[in-house]
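Each chain is listed here by its residues.
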Amino acid sequence: LADIVDYFSLQRQTVAMAMSYVDIFLSLRNVRAASEARRSVTKFQLLALVCLSVATKSLEVAHLDVETLVTASQGCYCADDIREMEIVVLNALQWRLCAPTSLPIAHRAIALLTKVV
């Protein structure tokens, strides 16, 4: 995943948002795909890849399309796997994708503290 982030020069905020999606998804106890991702490295990697893709769609100028993800996964996942997992993730998260992550909160706190000091 780090190689993909570096290769496409993605913002750190995008990575933070993607990992937030991964954390929230994995914490869901009543979602079968989340249980599978907790037990299987392959499913976890697919989850991380899909969450990164979803995050790029809202935070980056150019998002990672399915064919790019298939290539980036070196053929581990087909286009249908990626699309299917994206639907599962979005439905499990109930399309609630705009929660703040720690990165913008930290930036805001630092900005406020530098004004005070």
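Residues numbered from 1 in each chain as written. Predicted model: local features only at pLDDT ≥ 70, side-chain atom pairs only at ≥ 80, totals over all residues. Heavy atoms only, no water.

### A closer look at unusual backbone geometry
Okay, step 1: Positive phi outside glycine occurs at Ser9, with the angle close to 50°.
Okay, step 2: Topologically, Ser9 is positioned in the loop between helix 1 (2-7) and helix 2 (12-27).
Okay, step 3: Looking at Ser9, the relative accessible area reads 60%, which means it is exposed.
Okay, step 4: Although it is not a glycine, Gln74 adopts a positive phi angle of roughly 55°.
Okay, step 5: Looking at the element boundaries, Gln74 is found in the loop between helix 5 (66-72) and helix 6 (79-92). (Helix = DSSP H or I, 4+ residues; strand = E, 2+ residues; numbered from the N terminus. Buried < 20%, exposed > 50% of the residue type's maximum accessible area, 1.4 Å probe, protein only.)

### A word on the state of the cysteines
Okay, step 1: Scanning all chains against the criterion turns up zero disulfides.
Okay, step 2: Looking at Cys76, it has no disulfide partner, and the nearest cysteine sulfur is the one in Cys78, 11 Å off.
Okay, step 3: Here Cys76 falls in the exposed class, since its relative accessible area comes to 53%. (Disulfide = S-S within 2.5 Å.)

### Here's the deal with the packing of helix 2 against helix 4 (residues 41-59)
Okay, step 1: In contact at an axis separation of 8 Å, helix 2 and helix 4 are set at 130° when each is read in the N-to-C sense. It follows that helix 2 is oblique to helix 4 by the angle criterion. The hand of the helix 2/helix 4 crossing is right-handed. Residues Gln13, Thr14, Met17, Ala18, Met19, Tyr21, Val22, Phe25 and Leu26 of helix 2 form the contact with helix 4, whose own contacting residues are Phe44, Leu47, Ala48, Cys51, Leu52, Val54, Ala55, Thr56, Ser58 and Leu59.
Okay, step 2: Class assignment of the residues belonging to the contact of helix 2 with helix 4 gives a composition of 15 nonpolar, four polar and no charged. (Axes fitted to C-alpha atoms, helices over the stretch in contact; angles between N-to-C directions. Parallel < 35°, antiparallel > 145°, perpendicular 65-115°, else oblique. Left-handed = near helix turned anticlockwise from the far one by under 90°. Contact = heavy atoms within 4.5 Å. Nonpolar A, V, L, I, M, F, W, Y, C, P; charged D, E, K, R; others polar.)

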